[in-house]
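Descriptive analysis of the structure
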Number of protein chains: 2
Amino acid sequence: MKTIRLLIAYDGTTFHGWQIQPNTPTIQGEIEYCLSIIHNRHITLHGAGRTDAGVHANGMVAHFHSEKTMDPGAFKAGLNSMLPESIRILQASEESPSFHARFSVTSKTYVYSIYNGEILLPQKRLYTVHIRKQLDFDTMKQCLKELVGTHDFASFETAGSRDPLFPSRKGSTRTIHEAYICEIGGDFHSFTFTGDGFLRHMVRNIVGTVLEVGLGSRTVDDFKAALTARKRSAAGPTSPARGLTLERIVY
Amino acid sequence: MKTIRLLIAYDGTTFHGWQIQPNTPTIQGEIEYCLSIIHNRHITLHGAGRTDAGVHANGMVAHFHSEKTMDPGAFKAGLNSMLPESIRILQASEESPSFHARFSVTSKTYVYSIYNGEILLPQKRLYTVHIRKQLDFDTMKQCLKELVGTHDFASFETAGSRDPLFPSRKGSTRTIHEAYICEIGGDFHSFTFTGDGFLRHMVRNIVGTVLEVGLGSRTVDDFKAALTARKRSAAGPTSPARGLTLERIVY
């Protein structure tokens, strides 16, 4: 039995998230369906984590077990010929049997894209959140600095989010290695977060709160207080899914 | 009565083209609907031309007549608040009564986007055509040079395309001022065409034929022969709509 690792990109717009669900299009569901046809039996695909409905990926990782003797590149070609163009297999490679897409993760990087100009071009609207009012990027950058390090991120965790099948050993404590804002040009900006793991909606809840600071309805001190409060009600709203892309996973 | 000129961007993916049709979403239909609500009477929007189903625009121009005393900027803001995010009004300005979005055109620029790499990222798929086989860009560039100047482009005109309401004075003769290929990076390439006017499907029929040269199934001499043959059957297929964007119109 071989362990095959896939690097996957998808446009999350039309999917109800990564995780398979009955009677609704999901990324895991689409790929498992194609793998099961190839193997003529049910194949379970183990993802590095779940992404919510509408969230995109350029670097999701998943693995499955196969008795097939075919080259990993043949899985890539076969899957890409069967999958919708909104899901692409970027790489397929054989791993040692000890590899697990979820449990072997070292770090993940998410990028959140916003547009802070007057009119967002239609071709960008599915992948970018439009904030019309001028944002104060200096105060937002100060907020992101506060996040770096190991913290209890309970204030940024959406309730009811723990998976009973995978009780977390870490509670709501996570380590963020990097958090910064880049100006892409043309009024586009990206928020990049790299950490050892992220709670449910954590990036979107952080961005929603940081944007309140950028809009002046919350100060940097309010943001620090929200982080240390360790309760969801202390932080701001969940920003829209379409701005978020799972960019990279390191093992 | 004022003449108001609009500069319009749209994602053509979900529209059945520019021109209004009953019971189907079109760009003209969406904007006329909003203008008619604003004016409390039917408003006709005159476009610079029609784009086909699935074709995008960053620079469509249209005009309408209004008895409203409001500032043109208020039309822009009002329309953008009512229209779907797939259509954006980039500018609204008052013109002299002699301005006509269709008859006053000096030149139009279309851009056709292709990806010539292995895997097209999902977020680009709605705006780019994927050619997997390696293209010979040198021979394609030679073809584009042949197009510059005044020619009878009947070989690149889709049949049954003349509008009986607007019989053309020029037949199928048009002047192309510029035609070139740019490498955008990351295996993305764009074909840019500027001319005094374009026949129905003309850019897509040219690109479809040029791609046959790039793939080696037709020579540059074959391409020249197709241009001078003045019959549609001499040229290649119509390339997909999603690669095409109406980029700019000059008056």
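Just so you know, these numbers come straight off a predicted model, no measurement behind them.

With respect to a nonpolar patch on the surface
Residues and elements named next belong to chain A. On the surface, Tyr33, Ile37 and Met82 cluster together into a nonpolar patch covering about 320 Å² of accessible area. With respect to the element layout, Tyr33 can be found in helix H1 (residues 27–39). Look at Tyr33 and you get exposed, because its relative accessible area is 56%.

Considerations on the confidence of the model for chain A
In the predicted model, chain A carries a mean pLDDT of 95, and the fraction of residues at 70 or more is 96%. Complex prediction metrics read pTM 0.91 and ipTM 0.86.

Examining the relation of the copies chain A and chain B
Overlay of chain A on chain B (RMSD 0.0 Å): rotation 180 degrees, translation along the axis 0.0 Å. The relationship between the two copies is best expressed as a two-fold rotation axis. The overlap is high: 100% of the interface residues of chain A also sit at the interface in chain B, so the same surface is used on both sides.

Describing the nonpolar core
Ranked by internal contacts, the top residues of the largest apolar core, which has 66 residues, are Leu6(A), Ile8(A), Ile31(A), Leu147(A), Phe191(A) and Phe193(A). In this structure, Ile8(A) is in contact with Trp18(A), Ile31(A), Ala57(A), Asn58(A), Gly59(A), Met60(A), Ala62(A), Ile87(A), Arg88(A) and Ile89(A), ignoring residues within four places of it in sequence. Counting 65 residues, the second-largest nonpolar core is a separate cluster that includes Leu6(B), Tyr10(B), Leu45(B) and Phe99(B).

Focus: the state of the cysteines
Summed over all chains, the structure comprises 0 disulfides over all chains. A disulfide-free cysteine, Cys182(B) has its sulfur positioned 17 Å from the sulfur of Cys143(B), the nearest such atom.

What about unusual backbone geometry?
Residues and elements named next belong to chain A. Here Asp187, not a glycine, exhibits a phi torsion of approximately 70 degrees, which is positive. Within the secondary structure layout, Asp187 lies in the loop between strand S8 (173–185) and strand S9 (188–195). Phi is positive for Arg230, close to 55 degrees, though the residue is something other than glycine. Along the chain, the position of Arg230 falls in the loop between helix H5 (220–229) and strand S10 (244–250).

A closer look at helix H2 (residues 72–82) of chain B
Residue and element names in this part refer to chain B. Every buried residue of H2 is accounted for by Pro72, Phe75, Lys76, Gly78, Leu79 and Asn80. Those residues of H2 that are buried lie in contact with strand S1 (2–10), helix H1 (27–39), strand S3 (56–66) and strand S4 (87–95). Between a side-chain oxygen at the N-terminus of H2 and the backbone nitrogen of Gly73 the separation is 3.0 Å; the capping residue is Asp71.

What counts, and where the lines are drawn
- Residues numbered from 1 in each chain as written.
- Chains lettered and ligands numbered in written order.
- Predicted model: local features only at pLDDT ≥ 70, side-chain atom pairs only at ≥ 80, totals over all residues.
- Heavy atoms only, no water.
- Patch = residues over 30% accessible without salt bridge, like charges linked within 9 Å, V, L, I, M, F, W, Y side chains within 5 Å.
- Areas by Shrake-Rupley, 256 points an atom, 1.4 Å probe, with all protein chains shown as cover.
- Salt bridge = Lys/Arg side-chain N within 4 Å of Asp/Glu carboxyl O.
- Helix = DSSP H or I, 4+ residues; strand = E, 2+ residues; numbered from the N terminus.
- Buried < 20%, exposed > 50% of the residue type's maximum accessible area, 1.4 Å probe, protein only.
- pLDDT = per-residue confidence, 0-100.
- Least-squares fit on C-alpha atoms with pLDDT ≥ 70 in both.
- Contact = heavy atoms within 4.5 Å.
- Core = buried A, V, L, I, M, F, W, Y, C linked by side-chain atoms within 4.5 Å.
- Disulfide = S-S within 2.5 Å.
- Polar contact = N/O pair within 3.5 Å; in protein donor to acceptor, adjacent residues only side chain to side chain.

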